[in-house]
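A structural walkthrough
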Amino acid sequence: MSIRYPIGESGQFLTLEQNVLDYFVGWRQLDPKMPEAGGQLFGAVEGQCIKVKLATGPRRSDRRGRFFFIADRLSERREISALHKSGLHYFGDWHTHPQSIPTPSGTDLSSMADLFARSKHDLNAFLMVIVGTAGPPKGLHVSLHEASAWSRLEAEIGV
């Protein structure tokens, strides 16, 4: 199974594939001692569908605590390069929150805007997924981020 998200009026859809959903579920902060986890999202564009096929991270060089995740950006840039050579494109980032239904913090919003503005890319927006403790799709916050704007995507139910 996968979860599909319409992207505004564009006619495009974002799809989180089952292996990605399973990966997210495995990193949920269900234990009060678990630190946040996170990583990157990769996939391919197939017609009108943007398919997220791979989630990576966290890595040992990331900084993690109960209420924060700071990625090792140098390692991430290397990962983007390596996976691009195998045909996968970087779409954005994911991380966990110790909330049932997660909402982005001010830090989440400003870091995605900064990342979008400072990165070399051809994307209209970067994807951010926040994984809460509830199961998908309810426990996922999925949004698209530009330098000065962002929008939340809502899962299609029954597709």
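Below: a short report on this structure. Here the structure is a predicted model, which is why all the values come from computation and not from measurement. (Residues numbered from 1 in each chain as written. Predicted model: local features only at pLDDT ≥ 70, side-chain atom pairs only at ≥ 80, totals over all residues. Heavy atoms only, no water.)

1. A closer look at the overall build of the chain
Each helix and strand in the chain was counted, giving 3 helices and 10 strands. Beginning at the N terminus, the succession of helices and strands in the chain can be written as β-β-α-β-β-β-β-α-β-α-β-β-β. For 159 residues, the compact-globule formula gives about 15 Å, and the C-alpha radius of gyration of the chain, at 15 Å, lands near that figure. Projected onto its principal axes, the C-alpha positions of the chain cover 40 × 35 × 30 Å. Burial analysis of the chain (159 residues in total) assigns 45% to the buried set. At a minimum sequence separation of 6, the contacts of the chain that also span at least 24 residues come to 61%. Of the roughly 8,500 Å² that the chain leaves accessible, carbon and sulfur atoms contribute 54%. Averaging the coordinates of the 18 positive side-chain charges in the chain and doing the same for the 17 negative ones gives two points 6 Å apart. (Helix = DSSP H or I, 4+ residues; strand = E, 2+ residues; numbered from the N terminus. Rg over C-alpha atoms; globule rule 2.2 N^0.38 Å. Buried < 20%, exposed > 50% of the residue type's maximum accessible area, 1.4 Å probe, protein only. Contact = heavy atoms within 4.5 Å. Areas by Shrake-Rupley, 256 points an atom, 1.4 Å probe, with all protein chains shown as cover. Lys, Arg positive; Asp, Glu negative; His and termini not counted. Charge placed at Lys NZ, Arg CZ, Asp CG, Glu CD.)

2. Looking at the pattern of salt bridges
Across all of its chains, the model carries 11 salt bridges by this definition. With a closest N to O distance of 3.1 Å, Asp93 and Arg73 form a salt bridge. You can see Asp93 sitting in strand β7 (residues 89–96) and its partner Arg73 sitting in helix α2 (residues 73–85), a full 20 residues away along the chain. Judged by relative accessible area, which is 7%, Asp93 ranks as buried. Residues joined by salt bridges that share partners form a network here, namely Arg59, Asp62, Arg73, Glu76, Glu79 and Asp93. (Salt bridge = Lys/Arg side-chain N within 4 Å of Asp/Glu carboxyl O.)

3. Let's talk about the environment of Phe42
Counting through the fold element by element, Phe42 comes out in strand β3 (residues 38–46). Judged by relative accessible area, which is 0%, Phe42 ranks as buried. With 46 residues separating them along the chain, Phe42 and Leu88 place their C-alpha atoms 5.8 Å apart. Once you skip the residues sitting within four places of it in the chain, Phe42 turns out to touch Lys51, Val52, Lys53, Leu54, Thr56, Glu79, Ile80, Leu83, Leu88, His89, Tyr90 and Phe91.

Keep in mind that these numbers describe shape and distance, not what the molecule does.
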